[in-house]
Amino acid sequence: MYRRVLQSGARSIINVSASRATFGKAVEQEACVSRALAVCLSIPPQTQCRTLHHTRELYSVKETPQATEEEVGAFTKFIEAMGFTGPLKYNKWKIKIAALRMYTCCVERINYDDFFEKCSLPDTLNSWFLVAQLHVWMCLVRMRQEGREGKYMCRYIVHSMWEDVEQRSKIMGIDAIHRKESMRAMTETFYAAIFGYDEGILSDDGVLAAALWRNLFNRQCDDPRQLEMMVEYVRKQMQFIDALDGEDLLLTGEVKWRPLLEENAQSILKVPTPTYNDAGL
């Protein structure tokens with residue numbers, strides 16, 4: 001009986017000492033936190049090295065109303081999540097042929113010598129690729145606005161471009177090892193340029209000029225007039241192909257490019273809007 005009383009007394013003493021130790025640790029932690037806050041508050045705020053670009057306006061590439069996203073069924077969503085392409089509004093083979101034709105327009109309907117001369121670019125395979133990828137990017141921007149069919153077409157435009165680049169490198173006699181290294185470098189350059197051009201087309205001319213300086217001129221342009229010329233070229237070209245009919249592009253892939261230099265570059269023809277009389281006719 002006395003043993004039970006002694007055991008209960010010992011347990012109470014242990015519990016009291018444990019609670020005091022816990023309380024002491026909590027007090028110490030709180031003191032450490034308060035000291036850390038005091039140190040943080042005593043540190044003066046650092047000044048930023050540069051000011052960030054902020055814009056309150058949201059720019060849209062296409063001025064016409066955007067088409068609503070196509071509603072697809074559960075089966076289509078499932079097979080597309082597995083990496084396959086579901087049924088499209090147009091025949092897939094027709095879209096593939098149109099994609100190849102659109103890429104051909106980026107290659108055969110561009111005066112590359114004019115770009116080499118006006119932009120002071122060397123006449124090399126890499127310079128040709130930099131000019132070609134700029135026009136391919138403009139086609140991708142336009143076709144991404146055409147829903148699932150447009151995205152499917154973009155995939156084969158890029159596929160046609162890489163096949164063409166590989167064939168040109170073989171014709172030029174580049175060996176397999178250097179060709180593989182060049183293709184890897186061009187792939188990195190292409191996807192970096194895509195992000196830069198996308199940011200530039202949705203921002204002001206300064207951001208677009210910076211993207212062109214990094215990607216097209218390869219950071220080797222000292223003449224601001226060349227940058228101004230290319231910014232004007234990209235703006236007018238995008239506005240021109242935005243006015244083209246989406247269904248015609250999906251089925252034919254025909255794209256016409258405006259010249260690099262024009263007397264009046266601001267005179268861009270737009271699709272005429274219908275006019276109505278007072279009776280609504």
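Scoring rules and cut-offs
Residues numbered from 1 in each chain as written. Predicted model: local features only at pLDDT ≥ 70, side-chain atom pairs only at ≥ 80, totals over all residues. Heavy atoms only, no water. Helix = DSSP H or I, 4+ residues; strand = E, 2+ residues; numbered from the N terminus. Buried < 20%, exposed > 50% of the residue type's maximum accessible area, 1.4 Å probe, protein only. Contact = heavy atoms within 4.5 Å. Salt bridge = Lys/Arg side-chain N within 4 Å of Asp/Glu carboxyl O. Core = buried A, V, L, I, M, F, W, Y, C linked by side-chain atoms within 4.5 Å. Polar contact = N/O pair within 3.5 Å; in protein donor to acceptor, adjacent residues only side chain to side chain. pLDDT = per-residue confidence, 0-100.

Visitor: Could you give an account of the overall build of the protein, with specific residues and numbers?
Guide: On a plain count of helices and strands, the protein comes out with 10 helices and 0 strands. The N-to-C order of helical and strand elements in the protein reads α-α-α-α-α-α-α-α-α-α. For the protein, the residues scored as buried account for 35% of the 281 residues in total. A separation threshold of at least 6 residues defines the contact pool for the protein, and within that pool the share at least 24 residues apart is 70%.

Visitor: Could you give me a rundown of the pattern of salt bridges, with the residues and numbers involved?
Guide: As enumerated under the stated definition, the model contains 11 salt bridges in all. Where Arg-144 meets Asp-198, a salt bridge forms, and the shortest distance between an N and an O atom there is 3.4 Å. With a gap of 54 residues between them, Arg-144 in the loop between α5 (125–143) and α6 (147–171) and Asp-198 in helix α7 (residues 176–201) connect regions that are remote in the sequence. Relative accessible area serves as the criterion here: at 36%, Arg-144 is assigned to the partly exposed category. The partner of Arg-258 in a salt bridge is Glu-262, with the nearest N and O atoms 3.0 Å apart. Arg-258 sits in the buried class, given a relative accessible area of 12%. The network of salt bridges with shared partners includes Arg-101, Arg-109 and Glu-254.

Visitor: Residues and numbers for the nonpolar core, please.
Guide: Trp-128, Leu-212, Leu-216, Met-230 and Val-234 are the most contacted members of the largest nonpolar core, which totals 64 residues. Elements supplying a minimum of two residues to this core: α3 (92–108), α4 (112–118), α5, α6, α7, α8 (205–215), α9 (224–242) and α10 (246–252). When sequence neighbours within four positions are dropped, the list of residues in contact with Val-234 reads Leu-134, Trp-137, Met-138, Ile-201, Leu-208 and Leu-212.

Visitor: So what about the side chain of Ser-203? Which residues, and what values?
Guide: With respect to the element layout, Ser-203 can be found in the loop between α7 and α8. Of the residues examined, Ser-203 reaches a relative accessible area of 18% and is grouped as buried. A polar contact of 2.7 Å, which involves the side chain of Ser-203, links it to the backbone oxygen of Glu-199.

Visitor: Pulling in residues and values, what's your account of the confidence of the model for the protein?
Guide: Confidence in the prediction for the protein averages 75 pLDDT; 62% of positions are at 70 or higher. Of all the helices and strands in the protein, helix α1 (residues 2–42) carries the lowest mean pLDDT, 45, while α5 carries the highest, 95. Under a pLDDT of 50 for its full length, residues 1–10 has, in the predicted model, 0 contacts with residues more than four places off or in other chains. Considering only residues more than four positions removed or in separate chains, one finds that residues 29–34, a stretch of pLDDT under 50, has 0 contacts.

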